[in-house]
Amino acid sequence: MDMHSSLSHSTHQTHLELDVISQVNQERQENAVSVDHSLRVLRIQQVAEKLSIGKSTIYDWLNPKSPRYDASFPKPIKLSAKSIGWLSSEVDAWLLKRVALTRITDLTEVEMESDIH
């Protein structure tokens, strides 16, 4: 290999290495953003506002002795001796599941009504 082609090869290899490093760094940043989003903690007032319900409804959903108990509702995490919170991603997933179940139920009811008529 002559001097010119050796430098050209070396420069090309350096550009490839920089591209790989750049791509790895970009993936790390994207992963960091997604981790930060999924680990957002909501306090009870924020959960209540997000779901447009009262805090007492949340307490009922969490209480197995309540007639309104909902075993599917996300369990809170303990933040300190006297505070709890919910992962935003878990509340979002629960809400999306409820929406999907409602849509399926509504569609089934509509289909049943159309069969009757």
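Our subject is the structure listed above.
Notes on the structure follow.

What counts, and at which threshold
Residues numbered from 1 in each chain as written. Predicted model: local features only at pLDDT ≥ 70, side-chain atom pairs only at ≥ 80, totals over all residues. Heavy atoms only, no water. Helix = DSSP H or I, 4+ residues; strand = E, 2+ residues; numbered from the N terminus. Buried < 20%, exposed > 50% of the residue type's maximum accessible area, 1.4 Å probe, protein only. Contact = heavy atoms within 4.5 Å. Areas by Shrake-Rupley, 256 points an atom, 1.4 Å probe, with all protein chains shown as cover. Pairing = 2+ DSSP bridges. Core = buried A, V, L, I, M, F, W, Y, C linked by side-chain atoms within 4.5 Å. Phe/Tyr/Trp six-rings, centres within 6.5 Å; stacked < 30°, edge-to-face > 60°. Axes fitted to C-alpha atoms, helices over the stretch in contact; angles between N-to-C directions. Parallel < 35°, antiparallel > 145°, perpendicular 65-115°, else oblique. Nonpolar A, V, L, I, M, F, W, Y, C, P; charged D, E, K, R; others polar.

A separate point is the overall build of the protein chain. Within the protein chain, the regular secondary structure consists of 4 helices and 3 strands. Buried positions account for 16% of the 117 residues belonging to the protein chain. By sequence separation, contacts in the protein chain at least 24 residues apart represent 42% of the contacts at least 6 residues apart. Of the roughly 9,200 Å² of accessible surface on the protein chain, a fraction of 58% belongs to carbon and sulfur atoms.

A few words now on the sheet that holds strand S2 (residues 77-80). In a beta sheet, neighbouring strands are held together by backbone hydrogen bonds and run either parallel or antiparallel to one another. The 3 strands are arranged S1-S3-S2 in an open sheet whose pairing can be described as antiparallel. Because the sheet does not close on itself, it has two edges, and the strands there are strand S1 (41-42) and S2. Summarising the sheet, S1 and strand S3 (residues 83-87) pair through 2 bridges and their orientation is antiparallel. Bridging across to S3, Leu 42 finds its partner in Trp 86.

Take the nonpolar core next. If you look at the biggest cluster of nonpolar residues, it comprises 11 residues: Leu 42, Ile 44, Val 47, Ala 48, Leu 51, Ile 58, Trp 61, Phe 73, Trp 86, Val 91 and Trp 94. Looking at this core, the elements that each hand over two or more residues are helix H2 (44-51), helix H3 (55-62) and helix H4 (88-116). Residue contacts for Ile 44: discarding those within four places in its chain leaves Lys 55, Ile 58, Tyr 59 and Trp 86.

This paragraph deals with the packing of aromatic side chains. Counting across every chain of the model gives 4 aromatic pairs. For the ring pair Phe 73 and Trp 86, a centre distance of 6.4 Å and an interplane angle of 55 degrees mean the geometry is tilted. Residue Phe 73 is found in the loop between H3 and S2, and its partner Trp 86 is found in strand S3; the two are separated by 13 residues along the sequence. Members of the aromatic cluster, connected to one another through ring pairs, are Trp 61, Phe 73, Trp 86 and Trp 94.

With that settled, consider the packing of H2 against H3. Between H2 and H3, whose axes approach to 9 Å, the crossing angle comes to 100 degrees. Taken together, the axes of H2 and H3 lie roughly perpendicular to each other. Touching Ile 44, Gln 45, Val 47, Ala 48 and Leu 51 of H2 are Lys 55, Ile 58, Tyr 59 and Trp 61, all from H3. Across the contact of H2 with H3, the residue classes tally to 7 nonpolar, 1 polar and 1 charged.

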